[in-house]
There are 2 protein chains.
Amino acid sequence: MNRLKNDLLLRALRKETVERPPVWMMRQAGRYLPDYIKLRDKYNFFTRVQTPELACEITLQPVDQVGVDAAIIFSDILVIPQAMGMEVLMEEGKGPSLPKVVKTQKDVDGLITKNAENNLKYVYDALSLTKIELNGRVPLIGFAGAPWTILCYMVEGKGSKTWDKAKQFAYTQPALAHELLQKITSVTINYLKAQVKAGADIVQVFDSWSGILSPGDFKIFAQPYLLQIADALKNDAPVILFPKGSWYALNDLSKSSAAGIGIDWCITPQLARKLTENKITLQGNFDPAKLLAPIPQIKQWVRDMIDSFGTQKYIANLGHGITPNVPVDHAKAFVEAVKEYSLVTS
Amino acid sequence: MNRLKNDLLLRALRKETVERPPVWMMRQAGRYLPDYIKLRDKYNFFTRVQTPELACEITLQPVDQVGVDAAIIFSDILVIPQAMGMEVLMEEGKGPSLPKVVKTQKDVDGLITKNAENNLKYVYDALSLTKIELNGRVPLIGFAGAPWTILCYMVEGKGSKTWDKAKQFAYTQPALAHELLQKITSVTINYLKAQVKAGADIVQVFDSWSGILSPGDFKIFAQPYLLQIADALKNDAPVILFPKGSWYALNDLSKSSAAGIGIDWCITPQLARKLTENKITLQGNFDPAKLLAPIPQIKQWVRDMIDSFGTQKYIANLGHGITPNVPVDHAKAFVEAVKEYSLVTS
């Protein structure tokens, strides 16, 4: 294992003093990059995900081209349903679909759990290859979807505005929902541990749809499984939890085994600090749509954001994935503004 | 004007003592009702909206069939862009689209403002007719979209997951955005005043997309216009503001001229009371997906909700519109549970 030349992200997650905040962007390996588009036009989604050389190349693009302080492996949260035996289709620009959804006890019983993580060898290979190619330049982030979010897709079969079917499943068959959530959690823990073994320095858990739950339902259907994952991984690698929209859970999660919590832009940095009692590293929370504004304006907003979070126990990031319509120069400006911050204020 | 036989909603909004909370449901005149479906299959959307007899019939359905404590006029928030000269198409089950969107100063200059509300005579006729047909049984609610939400549709041209274009417009051309927001606000104020004149006892302002804004941007692009509307209407009728997702604005809005604030389920009643310092009537916040659970469970959840809000300065409602897949009996159970509440606890 190479020693890291840039370990800002790891130090921020260990609450150590940093000279400036580390910066990366959710979906940084994605459609706003022309070189990614070239590969997308040549190889379909799961070919890109399942071919370690392609996943590695895509993962490195934003490190080389945008200058972020971390790489995040190119993959998808829906590899877990796949590993558990479900078919997942991905139509370019249309989002994922799962033709056979989970509805009944029999469906839950039919899911593969034992050694399911072994079906994802291509992810570990991609991580190992990327780790070598990175040669210690920046840390490598592995990731998985949170159990609630994975349940949403397994039950609903595709994206949804209201996630009615997933909620109906959880609200009317709570025991079965918990059985499913536990199965997903167990597989996810093994999967994340294997990612760390393969080279991930950090893991992030994306609860993309936790924010559709009330605070009470989050505590029932999302939080226990996030905590389980954070606990299970605590001796393996720092864990960042990103329960999008679930600002109400910040206090509870700040007391978990997680090293960091990601937040979106719908809460002020000040309130997030207050709710987490300044005990944990926070990550976020730039509105991705602001990357469409002129560069000087982006840079000013980034400075304001860092002013609000403070430079310590902080990871500069977006509050959600970067969108395809962001000019590369604007993404670069975001990263540069963070890197320039200490100079601006010194 | 008939005296109201059931004035619970008005009394709750005036913070008067009520024997039980009033109850109604957002989108209560909608697709979960078989009689609505019959009219939908016979007349297209804008025919239903623009024909006072049809709008009246649809408005009365949930009063007759579900037993709610208020009628809300059947209409659409996008009648305002129409009145201001924009074309709005509505494809059944697909949502609205506006073929020619607002992008430039010229587009904003081209919008009709002077007497634009006069283009919506069919709404006033529907209100007057409904008022007569209601014969004082329950109050009648008029409504409009909030300026930020209307801007979203005018600029984006259709529904969106991220509302990128609307945000880009606001973030990169803020002066023009404010000019547009002010035009929408002025027309909306005249429109709501005319609705009150025609028979609306209460008006609600739906900011369906305010929750995509950060607290800072809400204060810039949404809040001033909500406050303007509440101020302008305060001597006409009680105003309920529903800034969906914008829990962070509750304290500010509780100090406004509004009589009530609607909230969704992503904040606990307890915190909402705390943030509003128990100064204002709150409306909400049942997760509509919970109406898909068995009836005894629905009734228990409703009792829990009222326990949390308290029976005073409270309007029982959903946290968002009722979905088409809710059985009518379940909608009825929701209403009944509120009506039974005082009996349960006495």
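Residues numbered from 1 in each chain as written. Chains lettered and ligands numbered in written order. Predicted model: local features only at pLDDT ≥ 70, side-chain atom pairs only at ≥ 80, totals over all residues. Heavy atoms only, no water.

## Section: the pairing of strand β4 (residues 140–145) of chain B
Residues and elements named next belong to chain B.
So, step 1. Of all the six residues making up β4, six are buried; the element is thus mostly covered by neighbouring parts of the structure.
So, step 2. Neither face of β4 is open: one carries L140, G142 and A144, the other I141, F143 and G145, and all of them are buried.
So, step 3. Pairing between strand β1 (residues 71–72) and β4: two bridges, direction parallel. Counted as the bridge partner of I72 is I141 from β4.
So, step 4. Two elements, β4 and strand β5 (residues 202–207), share five bridges in a ladder whose sense is parallel. In the strand pairing of β5, G142 is matched with V203. (Buried < 20%, exposed > 50% of the residue type's maximum accessible area, 1.4 Å probe, protein only. Helix = DSSP H or I, 4+ residues; strand = E, 2+ residues; numbered from the N terminus. Pairing = 2+ DSSP bridges.)

## A short note on the relation of the copies chain A and chain B
So, step 1. Superposition of chain A onto chain B requires a rotation of 180 degrees combined with a translation of 0.0 Å along the rotation axis, giving an RMSD of 0.0 Å. Within this description, the copies of the chain are treated as partners about a two-fold rotation axis. In terms of proximity to the rotation axis, the leading residue of chain A is A:K161, whose C-alpha is 4.2 Å off the axis.
So, step 2. Of the interface residues in chain A, 100% have counterparts in chain B that sit at the interface too, so the contact is made through matching surfaces. (Least-squares fit on C-alpha atoms with pLDDT ≥ 70 in both. Contact = heavy atoms within 4.5 Å.)

## Topic: the pairing of strand β6 (residues 239–243) of chain A
Residue and element names in this part refer to chain A.
So, step 1. Of all five residues in β6, five are buried, a share of seventy percent or more.
So, step 2. Residues V239, L241 and P243 point to one face of β6 and I240 and F242 to the other, with burial holding for every one of them.
So, step 3. Both strand β5 (residues 202–207) and β6 contribute to a ladder of five bridges, which runs parallel. Note on β6: the bridge partner recorded for D207 is P243.
So, step 4. The sheet contact formed by β6 and strand β7 (residues 260–262) spans two bridges and is parallel. Looking at β7, one finds that I240 is bridged to G260.

## Quick notes on the nonpolar core
So, step 1. Membership of the largest hydrophobic core comes to 277 residues, with the highest contact counts inside it found for A:F334 and B:F334.
So, step 2. With near-sequence residues (within four places) excluded, B:F334 lies in contact with B:V23, B:W24, B:M25, B:F286, B:L291, B:I298, B:V302, B:M305, B:N317 and B:L318. (Core = buried A, V, L, I, M, F, W, Y, C linked by side-chain atoms within 4.5 Å.)

## A look at the packing of helix α8 (residues 147–156) of chain B against helix α10 (residues 174–198) of chain B
All names here are of chain B.
So, step 1. The contact between α8 and α10 brings their axes to 9 Å, and the two run at 115 degrees. Crossing of α8 over α10 shows right-handed handedness. Between α8 and α10, the contacting residues are P147, W148, I150, L151, M154 and V155 on the first element and A177, L180, L181, I184 and T185 on the second. (Axes fitted to C-alpha atoms, helices over the stretch in contact; angles between N-to-C directions. Left-handed = near helix turned anticlockwise from the far one by under 90°.)

## Considering the confidence of the model for chain A
So, step 1. For chain A, mean pLDDT is 97; residues scoring 70 or higher make up 98% of the total.
So, step 2. At the level of chain-chain contacts, confidence expressed as ipTM amounts to 0.95, with global pTM at 0.97. (pLDDT = per-residue confidence, 0-100.)

## Structural notes on the pattern of salt bridges
So, step 1. All chains considered together, the criterion is met by 34 salt bridges over all chains.
So, step 2. Where A:E277 meets A:K279, a salt bridge forms, and the shortest distance between an N and an O atom there is 2.9 Å.
So, step 3. Given a relative accessible area of 40%, A:E277 falls into the partly exposed group.
So, step 4. Between B:D41 and B:R40 there is a salt bridge, with the nearest N and O atoms lying 3.4 Å from each other. (Salt bridge = Lys/Arg side-chain N within 4 Å of Asp/Glu carboxyl O.)

## Some words on the state of the cysteines
Any covalent bond linking the sulfur atoms of two cysteines counts as a disulfide.
So, step 1. According to the stated counting rule, one finds zero disulfides over all chains in the structure shown.
So, step 2. Its sulfur unpaired, A:C266 is 11 Å from the next cysteine sulfur, which belongs to B:C266.
So, step 3. The exposure class of B:C266 is buried, given its relative accessible area of 13%. (Disulfide = S-S within 2.5 Å.)

## With respect to the interface of chain A and chain B
So, step 1. With 27 residues of chain A at the contact, the number on the chain B side is 27 residues.
So, step 2. Summing the contributions of chain A and of chain B, the shared interface buries around 2,300 Å²; its carbon and sulfur component is 63%.
So, step 3. Summed over the shared surface of chain A and chain B, the number is four salt bridges.
So, step 4. If you look at where chain A meets chain B, you find 11 residue pairs in polar contact (both at pLDDT 80 or more). (Buried area = accessible area lost by both parts, 1.4 Å probe. Polar contact = N/O pair within 3.5 Å; in protein donor to acceptor, adjacent residues only side chain to side chain.)

## Describing helix α15 (residues 295–309) of chain A
Residues three or four positions apart in an α-helix share a direction because the helix packs 3.6 residues into each turn.
Residues and elements named next belong to chain A.
So, step 1. An ideal rise of 1.5 Å per residue puts 21 Å on 15 residues; α15 measures up with 21 Å between its terminal C-alpha atoms.
So, step 2. The complete set of buried residues in α15 reads I298, K299, W301, V302, M305, I306 and F309. Viewed end-on, α15 has its buried residues packed into an arc of 160 degrees, placing them on one side of the element.
So, step 3. Looking one or two residues beyond α15, the residue adopting positive phi is G310, at roughly 85 degrees. (Expected span 1.5 Å × (residues − 1). Arc of directions from axis to C-beta.)

## Thoughts on the sheet that holds strand β8 (residues 281–286) of chain B
Residue and element names in this part refer to chain B.
So, step 1. With parallel pairing, seven strands are arranged side by side in an open sheet as β1-β4-β5-β6-β7-β8-β9. Every other strand in the sheet has two partners, leaving β1 and β9 (314–318) as the edge strands with one partner each.
So, step 2. One ladder, built from three bridges, connects strand β7 (residues 260–262) with β8; its direction is parallel. Bridge pairing in β8 places G262 opposite Q283.

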